[in-house]
Amino acid sequence: MGHQTRATFGSKLSAVLVAAGGAVGLGNIWRFPYVAGENGGGAFLAIYILCAVIMGLPIMLAEFVIGRSSHSNAFGAFRHHSNLWKYMGFNCILTSFLIMGFYCVVAGWTIEYTVHSVASGIARSTLADEHAAYFSAFISNPWRPVLYTAAAMLLTHTVIALGVRKGIERCSRMLMPVLLIMLVVLAVRSLMMPGGFEGLRFFLYPDFSKVSARTLLVAIGQVFFSLSVGLGSMITYASYFKSDTDLRTTAVNVTVIDTLVAVLAGLVIFPAVFSVGIEPSAGSSLVFITLPSIFATMPLSTVWSTLFFLLLAVAALTSVISLHEVITACIHEEWHIRRRTAAWITTLSITVLGTAASLSLGLLDGWRIFGLTIFDALDFVTANILLPVSGMFSALFAGWVIKRTTFVDELTGRSMKYSRQAEVVRILLRYVCPIMLSLIFLDNLGLLNWL
Ligand code: TRP
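Residues numbered from 1 in each chain as written. Predicted model: local features only at pLDDT ≥ 70, side-chain atom pairs only at ≥ 80, totals over all residues. Heavy atoms only, no water.

S.K.: Any details on the site of the ligand? Residues and values, ideally.
M.R.: Neighbouring the ligand are 18 residues; Ala-23, Gly-27, Tyr-103, Phe-225 and Ser-228 lie closest to it. Phe-225 places a polar main-chain atom, nitrogen or oxygen, 2.7 Å from a nitrogen atom of the ligand. Within the side chain of Ser-322, an N or O atom sits 3.3 Å from a nitrogen atom of the ligand. Within the complex, 100% of the 360 Å² of free accessible area of the ligand lies under protein. (Near = heavy atom within 4 Å. Polar contact = N/O pair within 3.5 Å; in protein donor to acceptor, adjacent residues only side chain to side chain. Areas by Shrake-Rupley, 256 points an atom, 1.4 Å probe, with all protein chains shown as cover.)

What follows is the structure in structure tokens.
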């Protein structure tokens, strides 16, 4: 496919909002607060921000360079620069597929909660226990969550089928600003709750005694997951950037927006968690159990809960779209299949995997992989293993395989003024990211215990 015929995003703002739409998702609002809660609150936040700056941002820049310089899907992009490395493309496709397998299930839950909020006022009871009972009954039900998973995939499919401009771009431009405003309003409300300050303290006070090498791995996994780097989402989106889109400012903006949303989500959730007396490390159910009990304390509770879950659904869907596009673009361009057919192949296969993941929380609970349900195994393996590994390869690829001049020109828009910055990023990619990632892996395999 020649690149003249390839779609591009309309403006620079669109580039930022689309990439931020892909990055901001359940990872920020659903996953970040509970991962932070389980790993030492404020200390985790500090490590998270450090990892985002020295690893997340450079790897995002690397993916932007890989994508825009090749004008191609993830597989084609690696091949464009090196025939040997094209197999990295497979890894991108496989990991996107596995992430979507559990992600679309949670996206489905957010849709159910939206519908449920409108239909029967989910936020009537202030008792977290009641919401906990509802939540566990719902996710282990043999068919309802499966239907909502399919609904999430169909919505995603519709946007993908509308195309890069009319679907993906329009959707992100409309929805991202609304999401930010809602989060700010909710954070203010949450902080004003009785006992809310305790939560704020827990979230922001750094207690480094809880930090271990494992925390670092979890933080890096979360950075990669949240920023959508490591598996070609950003490569694919950057391939639709215009040639005058400034990659540096785009990446910095996306990283800042993404981190801001995660912090805001923490500010919504922790004060409220402490206020209603739930364990901050309650895990993946925090958003679905805690928030409804908080909404119940607010005037117009139905309106709040409906808006919140709608926006959570939106955040989730813009991310599922970014993952879907990785696979659709690849099938479409590599196998020369019509885009629509490619989109259907993706949608249907993900729906099958999602169904298995959803059922593993109830009916198929007995099917365990290393003791984990299919759902938890997909989450664990992708975020803690596949993403960091493929993030490392993206760093090595951009640092060592892509020509220095291509890298610097692409990043700086050929302006000498910024070539220093580009060199710093290149050093981070060539040495710092790979070395840190390898050390963390070795440590987790127990190979550094002699130190
Ligand atoms: N970043 C998204 C979130 O935070 C999830 C996501 C979308 C993703 N595309 C990705 C994660 C690519 C890793 C890689 O919810």
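Now that the structure has been shown, the text picks up again.
S.K.: Pulling in residues and values, what's your account of the environment of Ala-119?
M.R.: Mapped onto the elements of the fold, Ala-119 is located in helix 5 (residues 87–120). Exposure remark for Ala-119: the relative accessible area of 67% places this residue in the exposed category. For the pair Ala-119 and Leu-61, spaced 58 residues apart in sequence, the C-alpha separation works out to 44 Å. (Helix = DSSP H or I, 4+ residues; strand = E, 2+ residues; numbered from the N terminus. Buried < 20%, exposed > 50% of the residue type's maximum accessible area, 1.4 Å probe, protein only.)

S.K.: A description of the state of the cysteines should follow, citing residues and the corresponding values.
M.R.: Counted by the stated rule, this structure contains zero disulfides. Of all cysteine sulfurs, the one in Cys-330 lies closest to Cys-92, which takes part in no disulfide; the gap is 8.9 Å. (Disulfide = S-S within 2.5 Å.)

S.K.: How would you sum up a nonpolar patch on the surface? Please name residues and give values.
M.R.: Taken together, the side chains of Trp-400, Ile-427, Tyr-431, Ile-435, Leu-439 and Leu-442 present a nonpolar region at the surface, about 570 Å² in accessible area. At five residues, helix 18 (residues 419–444) tops the list of elements feeding residues into the nonpolar patch. When you line up the elements, Tyr-431 lands in helix 18. (Patch = residues over 30% accessible without salt bridge, like charges linked within 9 Å, V, L, I, M, F, W, Y side chains within 5 Å. Salt bridge = Lys/Arg side-chain N within 4 Å of Asp/Glu carboxyl O.)

S.K.: Go over the pattern of salt bridges, please, and point to the residues and values.
M.R.: Applying the stated rule across the entire model yields seven salt bridges. Across the pair Glu-325 and Arg-339 runs a salt bridge, and its minimum N-O distance is 2.8 Å. With Glu-325 in helix 14 (residues 301–334) and Arg-339 in helix 15 (residues 339–359), this residue pair connects regions lying 14 residues apart in the sequence. Using a relative accessible area of 0% as the deciding quantity, one classes Glu-325 as buried. With a closest N to O distance of 2.6 Å, Glu-423 and Arg-404 form a salt bridge. Of the two residues, Glu-423 sits in helix 18 while Arg-404 sits in helix 17 (residues 404–412), which places them 19 residues apart along the sequence. A relative accessible area of 23% means that Glu-423 is categorised as partly exposed.

S.K.: Run through the environment of Arg-173, naming residues and quoting values.
M.R.: Examined against the element boundaries, Arg-173 turns out to sit in helix 8 (residues 164–191). Along the primary structure Arg-173 and Ala-128 are separated by 45 residues, whereas in three dimensions their C-alpha atoms are 35 Å apart. With residues near it in sequence (within four places) discarded, Arg-173 still touches Ser-11, Leu-13, Ser-14 and Leu-17. (Contact = heavy atoms within 4.5 Å.)

S.K.: So what about the packing of aromatic side chains? Which residues, and what values?
M.R.: The full count for this structure, using the stated rule, is 33 aromatic pairs. Centroid distance Tyr-113 to Tyr-134: 5.9 Å. Interplanar angle 80 degrees. Geometry classified as edge-to-face. Residue Tyr-113 is located in helix 5, and its partner Tyr-134 is located in helix 6 (residues 128–139); the two are separated by 21 residues in the primary sequence. Owing to a relative accessible area of 24%, Tyr-134 belongs among the partly exposed residues under this scheme. Considering the side-chain rings of Phe-202 and Phe-270, the 5.3 Å spacing of their centres and the 55 degrees angle between planes classify their relative orientation as tilted. Here Phe-270 lies in helix 12 (residues 247–276) and Phe-202 lies in helix 9 (residues 196–204), a separation of 68 residues in the sequence. Take Phe-270: its relative accessible area is 0%, and that puts it in the buried class. A cation over a ring is seen here: Arg-31 above Phe-225, with NZ or CZ 5.3 Å from the ring centre. For the cation-ring pair, Arg-201 lies above Tyr-205, with the distance from its terminal atom to the ring centre recorded as 5.1 Å. (Phe/Tyr/Trp six-rings, centres within 6.5 Å; stacked < 30°, edge-to-face > 60°. Lys NZ or Arg CZ within 6 Å of the ring centre and 35° of its normal.)

S.K.: Kindly report on the packing of helix 6 against helix 13 (residues 286–295), identifying the contributing residues and their values.
M.R.: Two numbers describe how helix 6 lies on helix 13: the axes approach to 8 Å, and their chain directions differ by 140 degrees. In terms of orientation, helix 6 and helix 13 fall into the oblique class. In this structure, helix 6 crosses over helix 13, and the sense of that crossing is right-handed. Side by side, helix 6 and helix 13 meet where Ala-128, His-131, Ala-132 and Phe-135 of the first sit next to Phe-288, Ile-289, Pro-292 and Ser-293 of the second. Among the residues forming the contact of helix 6 with helix 13, the class breakdown is six nonpolar, two polar and no charged. (Axes fitted to C-alpha atoms, helices over the stretch in contact; angles between N-to-C directions. Parallel < 35°, antiparallel > 145°, perpendicular 65-115°, else oblique. Left-handed = near helix turned anticlockwise from the far one by under 90°. Nonpolar A, V, L, I, M, F, W, Y, C, P; charged D, E, K, R; others polar.)

S.K.: Go over the confidence of the model for the protein chain with me, naming the residues and quoting the values.
M.R.: For the protein chain, the mean per-residue pLDDT works out to 86, and 95% of the residues sit at or above 70. The least confident element of the protein chain is helix 13, whose mean pLDDT is 80; the most confident is helix 15, at 94. (pLDDT = per-residue confidence, 0-100.)

S.K.: Can you break down the environment of Thr-249 residue by residue, with the values?
M.R.: By secondary structure assignment, the location of Thr-249 is in helix 12. With relative accessibility at 40%, the residue Thr-249 sits in the partly exposed group. Distance in space between the C-alpha atoms of Thr-249 and Leu-411 is 9.9 Å, their sequence separation being 162 residues. Engagement of the side chain of Thr-249 in a polar contact is seen with the backbone oxygen of Asp-246, the distance being 3.3 Å.

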